[in-house]
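The primary structure of each chain is shown beneath.
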2 protein chains.
Amino acid sequence: MRFSLQDLSRMRIGILGGGQLGWMMILEGRRYPLTFYVVDNLSAPACRLADKCFNFDEYKDMVEIVDIVTYEFEHIPYEVLRYAEEKGKLIPRLDVVELKHERWRERMFFKKLGIPIPKFFITEDPLEVLKLVRNEFNYLAVVKQSKGGYDGKGQFFIKSRNDFEQIYDAIAKIRDVFIVEEYVDFDYEASIVLARNHNGEIQLYPPTYNMNVKGILVYNYGPLRNEIVTKKMFDIAVEIATKLNYVGVMAIEFFVKDGDVMVNEFAPRVHNTGHYTLDTANVSQFEQHIRAIIGVDLAEVEILSPGGMVNILGLSLNNIPIEVLKIGKIYWYGKNEVRRRRKMGHINIVGKTIEEVEEKIRHVTKLLYPEGVENYV
Amino acid sequence: MRFSLQDLSRMRIGILGGGQLGWMMILEGRRYPLTFYVVDNLSAPACRLADKCFNFDEYKDMVEIVDIVTYEFEHIPYEVLRYAEEKGKLIPRLDVVELKHERWRERMFFKKLGIPIPKFFITEDPLEVLKLVRNEFNYLAVVKQSKGGYDGKGQFFIKSRNDFEQIYDAIAKIRDVFIVEEYVDFDYEASIVLARNHNGEIQLYPPTYNMNVKGILVYNYGPLRNEIVTKKMFDIAVEIATKLNYVGVMAIEFFVKDGDVMVNEFAPRVHNTGHYTLDTANVSQFEQHIRAIIGVDLAEVEILSPGGMVNILGLSLNNIPIEVLKIGKIYWYGKNEVRRRRKMGHINIVGKTIEEVEEKIRHVTKLLYPEGVENYV
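Residues numbered from 1 in each chain as written. Chains lettered and ligands numbered in written order. Predicted model: local features only at pLDDT ≥ 70, side-chain atom pairs only at ≥ 80, totals over all residues.

## Some points on the overall build of chain A
- In terms of helices and strands, chain A carries 13 helices and 17 strands.
- For 377 residues, the compact-globule estimate of 2.2 N^0.38 gives 21 Å, and chain A sits close to it at 21 Å.
- Dimensions of chain A along its principal axes, counting C-alpha atoms only, are 65 × 50 × 40 Å.
- A total of 377 residues make up chain A; the buried ones form 49% of that total.
- Sequence-distant contacts in chain A: of pairs separated by 6 or more residues, those separated by 24 or more amount to 63%. (Helix = DSSP H or I, 4+ residues; strand = E, 2+ residues; numbered from the N terminus. Rg over C-alpha atoms; globule rule 2.2 N^0.38 Å. Buried ≥ 20, exposed ≤ 12 C-beta atoms within 10 Å, placed from the backbone. Contact = placed C-beta atoms within 7 Å.)

## Some details on the sheet that holds strand β1 (residues 12-16) of chain B
Residues and elements named next belong to chain B.
- Reading across the sheet, the four strands line up as β3-β2-β1-β4 and stay open at both edges, with parallel pairing between neighbours. On the outer flanks of this sheet lie β3 (52-54) and β4 (68-71), each paired with one strand and no other. On average, each strand axis in the sheet is tilted by 25 degrees relative to the strand beside it, whichever way the strands run.
- In terms of strand pairing, strand β2 (residues 35-39) meets β3 through three bridges, oriented parallel. Counted as the bridge partner of Tyr37 is Lys52 from β3. (Pairing = 2+ DSSP bridges. Axes fitted to C-alpha atoms, helices over the stretch in contact; angles between N-to-C directions.)

## Concerning the interface of chain B and chain A
- The interface is formed by 30 residues belonging to chain B together with 31 residues belonging to chain A.
- Among the secondary structure elements, those contributing two or more residues to the side of chain B that touches chain A are α1 (6-9), α12 (324-327) and β16 (329-332) of chain B.
- No other element matches the three residues that β16(B) contributes to the side of chain B that touches chain A.
- Taken together, the residues that form the side of chain B that touches chain A break down as 16 nonpolar, eight polar and six charged. (Nonpolar A, V, L, I, M, F, W, Y, C, P; charged D, E, K, R; others polar.)

## As for the sheet that holds strand β1 (residues 12-16) of chain A
Residues and elements named next belong to chain A.
- In space, the four strands of this open sheet follow the order β3-β2-β1-β4, with parallel pairing throughout. At either margin of the open sheet sits one strand with a lone partner, and together these are β3 (52-54) and β4 (68-71). Averaged over all pairs of adjacent strands, the angle between strand axes in this sheet comes to 25 degrees, irrespective of strand direction.
- As judged from the four bridges shared by β1 and β4, these two strands associate in the parallel manner. Bridge assignment links Gly14 to a residue of β4, and that residue is Val69.

## Some details on the domain arrangement of chain A
All names here are of chain A.
- We note that the domain assignment places domain 1 (6-90), domain 2 (119-182) and domain 3 (188-375) within chain A.
- Look at where the C-alpha atoms of domain 1 and domain 3 centre, and you get two points 22 Å apart.
- Contact residues are listed per partner, giving 19 residues for domain 1 and 17 residues for domain 3.
- Among the elements of the structure, α2 (20-29) and β4 are those that each provide at least two residues to the side of domain 1 that touches domain 3.
- Tallying contributions element by element places α2 first for the side of domain 1 that touches domain 3, with seven residues. (Domains from an automatic or database assignment.)

## A short note on α2(A)
- Counting buried positions over the 10 residues of α2(A) gives 10, a clear majority of the element.
- Buried-residue contacts for α2(A) involve β1, β2 (35-39), α11 (285-294) and β17 (343-350) of chain A.

## Topic: the nonpolar core
- Membership of the largest hydrophobic core comes to 208 residues, with the highest contact counts inside it found for Val38(A), Ile252(A), Val38(B) and Ile252(B).
- Ignoring sequence-local partners within four residues, the contact set of Val38(B) consists of Ile15(B), Gly18(B), Gly22(B), Ala44(B), Ala46(B), Cys47(B), Ala50(B) and Cys53(B).
- Counting residues in hydrophobic clusters, the runner-up holds 15 residues, among them Val133(A), Ala141(A), Ile158(A) and Phe164(A). (Core = buried A, V, L, I, M, F, W, Y, C linked by C-beta atoms within 7 Å.)

## Remarks on helix α4 (residues 78-86) of chain A
Residue and element names in this part refer to chain A.
- Among the residues of α4, those classed as buried are Val80, Leu81 and Ala84. Down the axis, α4 shows its buried residues gathered within 95 degrees of arc, on one side only. Residues of α4 that are exposed and point over 90 degrees away from its buried face: Tyr78, Glu79 and Glu86.
- Looking at the buried residues of α4, the elements they touch are β1, α3 (59-65), β4 and α5 (94-101).
- Positive backbone phi, at 75 degrees, marks Gly88, one or two positions downstream of α4. (Arc of directions from axis to C-beta.)

## Section: the pairing of strand β14 (residues 260-267) of chain B
All names here are of chain B.
- Summarising the sheet, strand β13 (residues 248-257) and β14 pair through seven bridges and their orientation is antiparallel. Within β14, the residue paired with Val256 across the bridge is Val261.
- Hairpin remark: β13 followed by β14, antiparallel, with two residues in the connecting loop; positive phi at Asp258, about 50 degrees.

## Considering the relation of the copies chain B and chain A
- Expressed as a screw operation, the relation of chain B to chain A combines 0.0 Å of axial shift with a rotation of 180 degrees, fitting to an RMSD of 0.0 Å. Between the two chains, the operation in question is that of a two-fold axis. When C-alpha distances to the rotation axis are compared across chain B, the minimum falls at Leu304(B), with a value of 2.9 Å. (Least-squares fit on C-alpha atoms with pLDDT ≥ 70 in both.)

## Observations regarding the packing of helix α7 (residues 126-136) of chain B against helix α8 (residues 161-172) of chain B
All names here are of chain B.
- Running from amino to carboxyl end, α7 crosses α8 at an angle of 155 degrees, the nearest separation of the two axes being 10 Å. By the angle between their directions, the pair α7 and α8 is classed as roughly antiparallel. Note that α7 runs across α8; the crossing there is right-handed. Counting all contacts with α7, which are made through Pro126, Val129, Leu130 and Val133, the residues of α8 involved are Phe164, Tyr168, Ile171 and Ala172.
- Its residues placed into classes, the contact of α7 with α8 shows eight nonpolar, no polar and no charged. (Parallel < 35°, antiparallel > 145°, perpendicular 65-115°, else oblique. Left-handed = near helix turned anticlockwise from the far one by under 90°.)

## A look at the environment of Leu315(A)
Residues and elements named next belong to chain A.
- As for its position among the elements, Leu315 is in the loop between β15 (307-313) and α12 (324-327).
- C-beta crowding within 10 Å serves as the criterion here: with 19 such atoms nearby, Leu315 is assigned to the partly exposed category.
- Residues Leu315 and Glu374, spaced 59 residues apart in sequence, show a C-alpha to C-alpha distance of 13 Å.
- When residues no more than four places from it in sequence are discounted, the contact partners of Leu315 are Ile320, Met344 and Leu368.

## Looking at the environment of Asn220(A)
Residue and element names in this part refer to chain A.
- On the secondary structure map, Asn220 appears in strand β12 (residues 216-222).
- For Asn220, a count of 26 C-beta atoms within 10 Å gives the class buried.
- Apart from residues lying up to four places away in sequence, Asn220 is in contact with Thr208, Tyr209, Asn210, Met211, Thr273, Gly308 and Met309.

## Concerning unusual backbone geometry
- Between Gly222(A) and Pro223(A) the backbone carries a cis peptide bond, its omega angle lying at 0 degrees.
- Looking at where Pro223(A) falls in the secondary structure, it is placed in the loop between β12 and α9 (227-243).
- Of note, Asn245(A) is a non-glycine position whose phi angle comes to about 50 degrees, a positive value.
- Structurally, Asn245(A) can be placed in the loop between α9 and β13 (248-257).
- The phi torsion at Arg341(B) lies on the positive side, around 70 degrees, for a residue other than glycine.

Structure representation (structure tokens):
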């Protein structure tokens, strides 16, 4: 049998979550003869582009009528994911996203694989957290809740005894499993985006340098200049994806210190640090994700130019000077409300050299956050 | 006063015509905080992405509520264009598109400017056409109707007395102004896309080689390798846009022979030969057009890679083998009916070298049209 695009035109894809990641997935997917449905509030960005949008209490209706269910965000209510999995439609699978629902599971998964990660302990007891921070890490540690963690939520950074005393009361009130881990004084953070399909075919995007402030990504750019470090990341990413028998796009975040890499975390979905692929690669992370889940061969990644992006965090349109349009490409998500730290849009950057990209990123960052980013997030 | 993106978010753009050009304009424009309305049949491609779509008999309602009216196609009913112009909203202006409503006006405009064009005569009399074809061009000529000409419509190619005798009866029945012009035995066809804004700022995309079959574009790619020819085209394009005090994107088609260029025609809109800019430039022709008409500075064009595109003409999805997705990027317009020669979609191509692009274009063309393109158009 000879496959044609007609085989795609019968496919209906359901996306759980209608934020910017779902929005860009449909923006890219609209070029294919595919149908896209979304589950989220009807005012969510992706609902403006979807063929139909369903409220969360109508999720079963959507799961029924689509062929594939994917998610743009791992913190979708568990029963929704489970329902889609039971119907045999969830990609990536439920056991993958479960690793993210409780962070300790992710840590244990990496530990078992022997993947380099920060030294860590797991405990449910706040008093045990106290002892570990003091005895094992001498007040230089990170305490993380297992549940609900993303964009720096549920994380406590401790650099001194004083820091810890100030936050201990907050920790003592939380009912969760804690990860107490070493504070890694990295040279830089980096991440890579990987795509894998049903045949085990893998495509990798080169690593980018990531700049996080208070646990939230402000900008990233690449490709990373160090080939040895890149190779280490590629090997780890391929191992993770292969061991999970993963289908779709995932991102893996790393700490890099003295040429060594440690995995910080992974995300079983398209990722903020892969937005640059929309404008510097022959195929974006969003298009690769769609290809992976519908079972089309992945496109071989070609990077056409160095590039990066700057997030627009908690700014409304009247705080964005029009000059940014001279430097980069705007993606405005059209969210209905501005909140501090909320991702409202981003500016993609391309340049002939990585130095030119860095210069443009500095310029855009200065235009968006004239008082310094740390005062806005 | 300091401009912010807030100033854009109040802007409503109305697009006359909802075909693939309007569809891609909105696909690109969706990243901006802008509102897009369309006038066309509600099943037109662009209506799937627009904030609202109006039937042609509701055009006045749309013109009333938008700030700017543009068109994706020059053969919009005259009264619609005139109404938008009278309301002071039409960009590009009515006198520009009038040059295209009657082809003889375009020819006269170029002649007056002294722009190199094929030798031509104008007549309303079919008998005069006969005399001109015989006496002036010795049966090697092109006869064009003034009205309704695009994609090879209303054009008669004459290469022999026999050719002419076969088509003369058809010509004799037409009530129109004819252009009788020399048949240019060009080395190749080429075109460039230009953008100009209200401040007279101009941005140019490099020329591409165009392959037309029976008057319809099959593929194009670039950038053109000849710098001297490129310079000649740039100079002509800048002169045309400046003399027209043009605002928006336009395309100019050329014949190239022995290093000399002649203008074939221009299009006061985004153009099929500019589709490649979606995937090889930092800013596409569609985004530049939007920037020009809303009064934002144009983005400085950077070409990231050689590239091109292949049109999907008159093929339904089941005639498109899935292998094309390995080679290029699909843009499927989602038209509700397949007709011979109808533009159903296109495949964008990128490559490290222009030779690689040529090779990929040959491959895609072979996959789409296994019996040879001339048997499909």
